[in-house]
Amino acid sequence: MRFLTAGESHGPELTAIIEGIPSQLPLTEEQINEHLQRRQKGYGRGRRMQIEKDRVRITSGVRHGKTTGAPITLHVENKDWKHWDKIMGAAPLSEEDAQEIKRQITRPRPGHADLNGAIKYDHRDMRNVLERSSARETTVRVAVGAVAQVLLKELNIQLCGHVLEIGSVKATEVSFNDIEDLKERSEASEVRCLDSEASEQMKQAIDEAKENGDSIGGIVEVVAVNLPIGLGSHVHYDRKLDGKLAQSVMSINAFKGVEVGIGFEAARLLGSQVHDEILYSEERGFYRRTNRLGGFEGGMTNGMPVVVRGAMKPIPTLYKPLQSVDIDSKETFSASIERSDSCAVPAAAVVCEAAVAWELATAVLEKFGSDTLGEIIKNLEDFNEKARNF
Ligand SMILES: Cc1cc2nc3c(=O)[nH]c(=O)nc-3n(C[C@H](O)[C@H](O)[C@H](O)COP(=O)(O)O)c2cc1C
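All figures in this text were calculated on a predicted structure; none of them were measured in a lab. (Residues numbered from 1 in each chain as written. Predicted model: local features only at pLDDT ≥ 70, side-chain atom pairs only at ≥ 80, totals over all residues. Heavy atoms only, no water.)

**Student:** Just checking my understanding: could you explain the site of the ligand for this structure?
**Tutor:** Neighbouring residues of the ligand: 18 residues in total, closest Ser133, Ala254, Lys313, Thr317 and Asp341. Between histidine 112 and the ligand, the recorded distance is 3.4 Å, taken from a side-chain N or O atom to an oxygen atom. Threonine 317 is positioned such that a nitrogen or oxygen atom in its side chain is 2.3 Å from an oxygen atom of the ligand. The fraction of the free accessible surface of the ligand (630 Å²) that becomes covered by protein chains is 86%. Looking at the shell around the ligand residue by residue, the classes come out as eight nonpolar, six polar and four charged. (Near = heavy atom within 4 Å. Polar contact = N/O pair within 3.5 Å; in protein donor to acceptor, adjacent residues only side chain to side chain. Areas by Shrake-Rupley, 256 points an atom, 1.4 Å probe, with all protein chains shown as cover. Nonpolar A, V, L, I, M, F, W, Y, C, P; charged D, E, K, R; others polar.)

Structural data, given as structure tokens:
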């Protein structure tokens, strides 16, 4: 399974093509829209999210509510496009239009892709970089992840992202009964956090950062349940599923760290405090007493919940500008301001969920087949039965 995304932040639309989704999967635009709306929520978002009411349009690969096995094309329109058609149009500009929109972006923002992208692709107008490096792209990543989640749910595999930390505020009450409980309670919080006291403190921290013209980052966690044993493989570096998940999560805009299970904490503990003891019951088969390793041993799932965490740095576009240098005049300037969020950690939890969903769905298809949903369900059930009786 693979996908490509295309589209600029202020272009006409964002597009994704997914190849390899099996046939006979019930899929509707509404199922995808639900996740797009989740990405748009969250305390600390800027004005852009009020302009955009993201909705997907499926133009291939789905007929009468079911996938056909052909590539699936997803489109999400940028409602703001009508104000940007000249600035972002594909056609060459007339002299008159060029005069009208002569403003070029020449002041790179520290922490963004502006300067490196401009030098690499030889752009004097850094809009050519920032339009694509913008996290607006994560809209279609969430749409793609939503399709993956629809597939996983048919296999009884579910997942959910939530927020553990924003700035220096740490959630302490993060336990949940089951995945439904996690989904409901994270959805009910404006910062997607299970700890209601910490949620209020997180909102205050966001307000403070915003008042100071600053931005604030945080840590998100994705939990996935009901995975079979043996997704991924120990036999080769690029087949290790924890490695693939790390790449996928690290590629999300502004993500600077990834942990599986207790992650970095494992380095500070002794082996006996880290490794999850193996138990057996006839009903469950093999399982672990604890889940510190986040559902992975040897690059393969071990049947315990998969737990992946990502650290998001504070957003680079600040109203309180940092020093930068104009690429034309070489003069020192305060970095230019595009419209910006002050905190996007709650939204990033949804993006992270999408990234994890995609990797898990890909690994499921690799192991259990990829033509029709029915075949995959049967193969998975047979394997789970075999693993239980191993
Ligand atoms: C959901 C989400 C929303 C974001 N919103 C903004 C934003 O409004 N302004 C901004 O400068 N960066 C925003 N970012 C982060 C930048 O896209 C990111 O820092 C930039 O592309 C540079 O990449 P890097 O930080 O991974 O090096 C956002 C990231 C995510 C995940």
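**Student:** Looking at this structure, I do not really get the sheet that holds strand β3 (residues 56–60). What am I missing?
**Tutor:** The strands that make up a sheet are held in pairs by hydrogen bonds between backbone atoms, and each pair lies either parallel or antiparallel. The antiparallel open sheet is built from four strands, whose spatial order is β1-β2-β6-β3. Both outer strands of the open sheet, β1 (2–6) and β3, are each paired with one neighbouring strand and no more. If you compare each strand with its neighbour and ignore which way they point, the axes differ by 20° on average. Where β1 lies against strand β2 (residues 13–19), five bridges are found, and the strand directions are antiparallel. Across the sheet, arginine 2 pairs through a bridge with glutamate 19, a residue of β2. The sheet contacts of helix α1 (residues 29–40) involve β3 and β6 (72–77), and relative to β3 the element is tilted by about 140°. Contacts from helix α7 (residues 138–154) reach β1, β2 and β6 within the one sheet, and its direction differs from that of β2 by about 30°. (Pairing = 2+ DSSP bridges. Helix = DSSP H or I, 4+ residues; strand = E, 2+ residues; numbered from the N terminus. Axes fitted to C-alpha atoms, helices over the stretch in contact; angles between N-to-C directions. Contact = heavy atoms within 4.5 Å.)

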